[in-house]
Amino acid sequence: MNSERIEEILKNIGSHDVPADVHKIAEEVSTDFSKILMQTRRQHILWEYIMRSPIVKLAVAAAVIIACAICLSLWRTTGSGIALADVLARIEKVKAVRYKLTYGGDPDPNKPYSNFGLRSTSLVSREYGEKDYWETLLPIGSLIQERYVLPQKKIFILIDINLPSKDRYPDRTEFRYYRKELLDTDVEQIQKENIASDPFTLLKGILKTKYESLGRSTIDGIEVAGFRNTDPNLSVATLKNAENLQTDNKIWVDVKTLLPVRYDCLTSLDVVEGRERRNLTFQLVMHDFQWDVSVDAAEFEPPPIPDGYKIADVFPDLANEETAIQGLKQSVELLGNYPERIALSYLWSGVEKSETPAALRLKEELKGLIEFDRDQKKMDALKPMRLLNKFYRGPASNHAAYYGKTVTPKDADKVLMRWKVSDSEYRVIFGDLHAENVTPEKLAELEAALLK
Amino acid sequence: MKLYRQAEIFEQVRAKYVGLLTSVLWKLTGDRELFTEAMQYALLGIWQHLGKLNGKKAHVYIYRIALSANSKAWRNRVGRDGELSRNCAGFEKSPDDELDRNELAMLIRREICRLPDKQAKAIVMRYLEQQDYQAIAGKLSCTEASARSHVSKALATLKSRLATLT
């Protein structure tokens, strides 16, 4: 008898809407999944980024070097008779340096590109910035890029000079010219994530470490004093999920000039990806230092975009306060107001239902495109809103709250979004999109006002 | 596919299909705990099969992923305590037959997991998603007659299995 009711029950199941709390569960599960994915794939992506971006190549290098930075009294003379404080003081007087860097790692049998090495020649000037020539060595050829980091001009430029074999590197067939106008927050974020590559910064980090003296030696006919650090206790942002880290760092300083001649870093760590554990070993050497070289401003003039190059964005997904505010502005244009919730699926569906001029214009542009192109265009067009979501769920997720349901652009003094920046301060984006730091007490007052 | 690109595509696919997945999985599970579990399996399925989710057949793969996720969630449930949840949802209850209907609905949901692939997809699209046969045929890349056939075979299979269970 029950079998006769199957159809009726099936129809009944299908005719009911999904309860609101189930949508919420779905959103939470899905967001949590993405976060977990972000954490576990971070290690994978690291190696790919090494391939793609010299910034991150150096980030890894810097992270590994800075990894060794742990508490030491600088103010003692070592067994070699050289005080590292004097070395640091000497470095502080240097205006420009050229150096070479080589970097190599164990191959990963699961990744065809992993058997790589890096070589670079860099010129760093306190006055003008940094210019590098990077060669990424792959089994399929070399990826060569030129990079300019010009903090005073707030510009970052990366230019492809040579690409590896196209048939085996299919996702990089066109030459690219990356140009990025750096915002203050970009610079802050780069620094926060240890993307600091110049030897001034790196050596300062090294010289603050706890080390032992290696005594005196000779490198390329130069008498040097050596220092070594093997302390595995570290905090490395880029590789924070790594385990069993062992590191052996040696720096050799010219006893006459008190300037570094060579730096060696050998690192071994286990990368844990889900249930898999993989050991990685890599070696970084900075060498051929030319301290206090004279530099010409012309060397730091970024070249024009060569013919046929594709212009690309080097920080496509940087999510910070400024991009979040851009996302909120875009929400007003597309949705007519701030979104009630910051969730990707909600933002997408909101745009689809919206009839604001901007939303209608966007939907008109999407018409007629094939599905994949339409999705790509939508993703590009809604990037500010995506970055708002990313910011809210990432950098601003600490004690975060969002009040888009009640706060409008006219509510200049009402809290639209807030997150905790320290025990004594919260960052608040107000209804008119200006942002301020406030105390917890002030925030409580502001949020109490929302209830009135 | 490079992993950073894979991650970007995953976010696109997730944003695009989370609504459909929610609807299908909720109707297949009717239980918040099962739903949560199935949703996690479905997201994992999306991640593992991203390569198939960019083409024309993406929609139908999502159904396959949802059915597979639902099946795994059910297996865990039955394997864990051997009983079906009574926390059902999704249809009107009347005082006299509430328990029977709830139990039967859950049995039907569980049995859908065990149907052959095309029959399971067809019955989910037809009844749970209330799509017409033309749409089902389009998604299953078959004729309308075949779509009807998949649905009626699925119903027959369900009836036959439930007859032995109830």
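Only a predicted model underlies this, so the values are computations on that prediction, with no experimental measurement involved. Counting restarts for each chain: residues are numbered from 1 in the order of the written sequence. To label them, take the chains in the order written and letter them from A, then take the ligands in the order written and number them from 1. Whole-chain, interface and lining totals are the exception, using all residues; otherwise, since this is a predicted model, local features are given only for residues with pLDDT of at least 70 and side-chain atom pairs are given and counted only at 80 or more.

What follows deals with the overall build of chain A. Where helices and strands are cited, they refer to DSSP runs of H or I of at least four residues and of E of at least two residues respectively, numbered from the N terminus. Counting its secondary structure elements, chain A contains 12 helices and 16 strands. Around each residue's C-beta, the other C-beta atoms within 10 Å are counted; 20 or more make the residue buried, 12 or fewer make it exposed, and counts in between make it partly exposed. All C-beta atoms are placed from the backbone. By the burial criterion, 31% of the 452 residues in chain A qualify as buried. Two residues form a contact once the distance between their C-beta atoms, set from the backbone, is within 7 Å. Sequence-distant contacts in chain A: of pairs separated by 6 or more residues, those separated by 24 or more amount to 58%.

A tally of regular secondary structure across chain B gives 7 helices and 0 strands. Mapped in sequence order, the helices and strands of chain B form the string α-α-α-α-α-α-α. Burial statistics for chain B: of 166 residues in total, 43% are counted as buried.

This part takes up the confidence of the model for chain B. Scored between 0 and 100, pLDDT is the confidence that the predictor attaches to each residue. Across chain B, pLDDT averages 75, with 78% of residues at or above 70. Ignoring residues within four places in sequence, the model shows residues 79–99 of chain B, a span with pLDDT below 50, making 29 contacts including any to other chains.

Okay, the nonpolar core next. One recurring pattern in soluble globular proteins: nonpolar side chains tend to sit buried together. Counting 56 residues, the largest nonpolar core has L21, L25, M39, A42, A66, I123 and V124 of chain B as its most contacted members. As used throughout, domain bounds are those supplied by an automatic or database domain assignment. Composition of this core by domain shows at least three residues from each of domain 1 (1–114) and domain 2 (116–166) of chain B. Sequence-distant contacts of I123 of chain B, defined by excluding residues within four places in its chain, comprise I112, L115, V151 and A154 of chain B. Of all hydrophobic cores here, the second largest spans 27 residues; its members include L382, A396, V407 and V428 of chain A. Under the definition applied here, buried Ala, Val, Leu, Ile, Met, Phe, Trp, Tyr and Cys residues are grouped into a nonpolar core through C-beta atoms within 7 Å.

Residue and element names in this part refer to chain B. Direction vectors running N to C along helix α5 (residues 117–128) and helix α6 (residues 133–140) enclose 145 degrees, while the axes themselves pass 10 Å from each other. Considering how the two elements wind past one another, α5 and α6 form a crossing that is right-handed. Residues K118, K121, A122, M125 and R126 of α5 form the contact with α6, whose participating residues are I136, K139 and L140. Considering only residue class, the contact of α5 with α6 consists of 4 nonpolar, no polar and 4 charged. Under this scheme, a helix contributes an axis fitted over its contacting stretch, all axes are lines through C-alpha atoms, and angles between N-to-C directions fall in the 0 to 180 degree range. Each crossing gets its handedness from the near helix: less than a right angle anticlockwise from the far helix is left-handed, clockwise is right-handed. All residues other than Ala, Val, Leu, Ile, Met, Phe, Trp, Tyr, Cys, Pro, Asp, Glu, Lys and Arg, Gly among them, are scored as polar; the first ten of these are nonpolar and the last four charged.

This part is about α6 of chain B. Residue and element names in this part refer to chain B. Looking at α6, one finds that the buried residues are I136, A137 and K139. For α6, the angular spread of the buried residues around the axis is 165 degrees, confining them to a single face. Where α6 terminates, the next one or two residues include S141, which has phi positive at roughly 55 degrees. What the arc covers is the set of directions going from the helix axis to the C-beta atoms.

Our next topic: the environment of D288 of chain A. Residue and element names in this part refer to chain A. As for its placement among the helices and strands, D288 is situated in strand β11 (residues 276–291). According to the C-beta neighbour criterion, D288 is partly exposed, with 14 such atoms within 10 Å. Along the chain, D288 and D220 lie 68 residues apart, while their C-alpha atoms are 9.8 Å from each other. Residues in contact with D288, not counting those within four places in the same chain, are Y99 and K100.

Our focus in this paragraph is helix α2 (residues 32–48) of chain B. The terminal C-alpha atoms of α2 of chain B, which comprises 17 residues, lie 24 Å apart, in line with the 24 Å expected from a rise of 1.5 Å per residue. When we look at burial in α2 of chain B, the residues that qualify are L34, F35, E37, A38, M39, A42, L43, G45, I46 and W47 of chain B. The span expected for a helix works out to 1.5 Å for each residue beyond the first.

On to the sheet that holds strand β14 (residues 415–422) of chain A. Residues and elements named next belong to chain A. With antiparallel pairing, the 4 strands of this open sheet are ordered in space as β13-β14-β15-β16. At either end of the open sheet lies a strand with only one pairing partner, and these are β13 (401–402) and β16 (435–438). Here, strands pair whenever DSSP counts at least two bridges between them. In the sheet, β14 pairs with strand β15 (residues 425–430) via 6 bridges, with the strands oriented antiparallel. Along β15, the bridge assignment pairs W419 with R427. Packing against the sheet, helix α12 (residues 440–451) makes contact with β14, β15 and β16, and its axis sits at approximately 160 degrees to β14.

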